[in-house]
Amino acid sequence: MSFSDDQLICLRFEGELGYFAKAAAPPIYETAPFFFDTYEDYAEAANNEKDHYVYSRGTNPTVQIAEQMIAALEGGADCKCFASGMAAISAALMCSLSAGDHLILVGHIYETSVSLAQYLKRFHIDYTIVHSTSTEAVASAIKPQTRAILMESPTSFTFDMVNIQEVTALSKEKGIRTIIDNSWATPLFQKPLEWGVDIVVHSASKYLGGHNDLIAGAVIASKEIINRMYAEEYELIGGSLGPFEAWLLIRGLRTLPLRMEAHQRNALLVARFLSDHPAISKVNYPGLPSHPQHELACRQLKGYAGLFSFELKDSTYEDICRVINKLRLIRIGVSWGSMESQVISPNYGFNKQSLKKQHMPESLIRLAVGHEPAELLIQDLATALS
Ligand SMILES: *Cc1c(COP(=O)(O)O)cnc(C)c1O
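These numbers were taken from a predicted model, which means no experiment stands behind them. (Residues numbered from 1 in each chain as written. Predicted model: local features only at pLDDT ≥ 70, side-chain atom pairs only at ≥ 80, totals over all residues. Heavy atoms only, no water.)

Trainee: Where do I start with the overall build of the protein chain in this structure?
Mentor: Across its full length, the protein chain carries 15 helices and 12 strands. Its C-alpha atoms give the protein chain a radius of gyration of 21 Å, within 12% of the compact-globule value 21 Å for 386 residues. The burial tally for the protein chain puts 56% of its 386 residues in the buried class. For the protein chain, the share of sequence-separated contacts (at least 6 apart) that also reach a separation of at least 24 residues comes to 72%. Total accessible area computed for the protein chain in this model is approximately 16900 Å², and 54% of it derives from carbon and sulfur atoms. (Helix = DSSP H or I, 4+ residues; strand = E, 2+ residues; numbered from the N terminus. Rg over C-alpha atoms; globule rule 2.2 N^0.38 Å. Buried < 20%, exposed > 50% of the residue type's maximum accessible area, 1.4 Å probe, protein only. Contact = heavy atoms within 4.5 Å. Areas by Shrake-Rupley, 256 points an atom, 1.4 Å probe, with all protein chains shown as cover.)

What follows is the structure, encoded as structure tokens:
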């Protein structure tokens, strides 16, 4: 599917549910239960809650609009939205793993997802972190009990690329389920289901929502996977998205193509400036030709999002603080994916050991480039680095 098809999906929220009195914006169905005229009607609906409106922990019309839009964008058969990206990732992992199974995490995965893998150990699910994104390294971590591989491409904080098609081919051969966190690229820049990935997850709190005002998540997969997940992880653990949050998500999705183009344009300018700066030793951005996997990035991605990292030359925690504290336009804060530029470092001064364990350089700063004029962002960084 082309970028222009995606642009149309983002604008047309009606999906299969085009019956909202022809409203230009979707209604918010802020209701817990739905009522029935006869008990027979209720009994029929209760027999298949996924396809009927019974109770909003299950299916809600506003949430369903967001789900249909995201499924269409990813080119997936079905989608369920969750109350957070972590709820979505938890459901994806739990519906793919049982006691005795083994999980592989490829490269530098989002830290909370790693903590989740650690938590799952109490249910006798083991995991291995592969500290490299090469397909060979992934292959050599596979055990007879390996049932799922979780990847991000590019990876969190370090922005290494995974060869998604190679890892998927390898997994299919061995009957291992592949799960990818596609929050960075969004479906506009990467559609992993087309390459045979089984499950795509999103933190919709980032680009899909796009306004720093929403916590949400999504899982996109085949009807078969989503139907099972609905009956188990979705309904039982209960991390469903509220109708108002779904409405915010729909509103965000409508400008996703415009916002991603703006992130890409600005981020490339800022990344180029940083890579020429004498105080900086490295810029980790797959969109730069200097990125060691730029060629793979060109083949795999249709565009580059606004989030990347860079490393200060010979720097300590104090240097990182000095630079970050001098920024005026760029705000200090976790998360990313909104119009405001934001900065953070994984170095907290007291976590040297943990950084070492994660193979993370102490001098790393992560920058989420937003929509402020690029020349002002560059000026802000130039002043802070001087
Ligand atoms: C933020 C983030 C998550 C978690 O999403 P929440 O919506 O905050 O729960 C998952 N994966 C990645 C890559 C993220 O950046």
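Trainee: Teacher, can you tell me more about the sheet that holds strand β10 (residues 331-332) here?
Mentor: If you walk across this open sheet you meet the five strands as β8-β9-β12-β11-β10, and the pairing is mixed. Only two strands of the sheet have a single neighbouring strand rather than two, namely β8 (280-284) and β10. As paired elements, strand β9 (residues 307-312) and strand β12 (residues 364-368) share five bridges and run antiparallel to each other. Each residue of the ladder has a partner; that of Leu307, found in β12, is Ala368. Set on the sheet, helix α11 (residues 256-275) makes contact with β8, β9 and β12; between it and β9 the angle comes to about 10 degrees. Those strands touched by helix α13 (residues 317-326) are β9, β10, β11 (342-344) and β12, and its axis lies near 20 degrees from that of β12. (Pairing = 2+ DSSP bridges. Axes fitted to C-alpha atoms, helices over the stretch in contact; angles between N-to-C directions.)

Trainee: What exactly am I supposed to notice about the sheet that holds strand β7 (residues 217-221) here?
Mentor: Across a sheet, paired strands are connected by hydrogen bonds in the backbone, their directions being either parallel or antiparallel. On the basis of which strands lie adjacent, the open sheet formed by seven strands has the order β1-β7-β6-β5-β4-β2-β3 and mixed pairing. Each having just a single partner strand, β1 (78-82) and β3 (126-130) make up the two edges of the open sheet. Direction aside, neighbouring strands of the sheet carry axes that sit 20 degrees apart on average. As judged from the four bridges shared by strand β2 (residues 102-106) and strand β4 (residues 146-152), these two strands associate in the parallel manner.

Trainee: Would you explain a negative patch on the surface in this entry?
Mentor: A grouping of Asp37, Glu40, Asp41 and Glu44 is seen on the molecular surface, where their side chains present a negatively charged patch. For Asp37, a relative accessible area of 78% corresponds to the exposed category. (Patch = residues over 30% accessible without salt bridge, like charges linked within 9 Å, V, L, I, M, F, W, Y side chains within 5 Å. Salt bridge = Lys/Arg side-chain N within 4 Å of Asp/Glu carboxyl O. Lys, Arg positive; Asp, Glu negative; His and termini not counted. Charge placed at Lys NZ, Arg CZ, Asp CG, Glu CD.)

Trainee: Is there a simple way to think about the site of the ligand in this case?
Mentor: Residues in close proximity to the ligand total 13 residues, the closest being Gly85, Met86, Asp181, Ser205 and Lys206. The backbone of Met86 places a nitrogen or oxygen atom 2.9 Å from an oxygen atom of the ligand. Residue Trp336 places a side-chain N or O atom 3.2 Å away from an oxygen atom belonging to the ligand. Sorting elements by how many residues they give to the shell around the ligand places helix α4 (residues 85-94) first, with three residues. When the residues that make up the shell around the ligand are grouped by side-chain class, the tally is five nonpolar, five polar and three charged. (Near = heavy atom within 4 Å. Polar contact = N/O pair within 3.5 Å; in protein donor to acceptor, adjacent residues only side chain to side chain. Nonpolar A, V, L, I, M, F, W, Y, C, P; charged D, E, K, R; others polar.)

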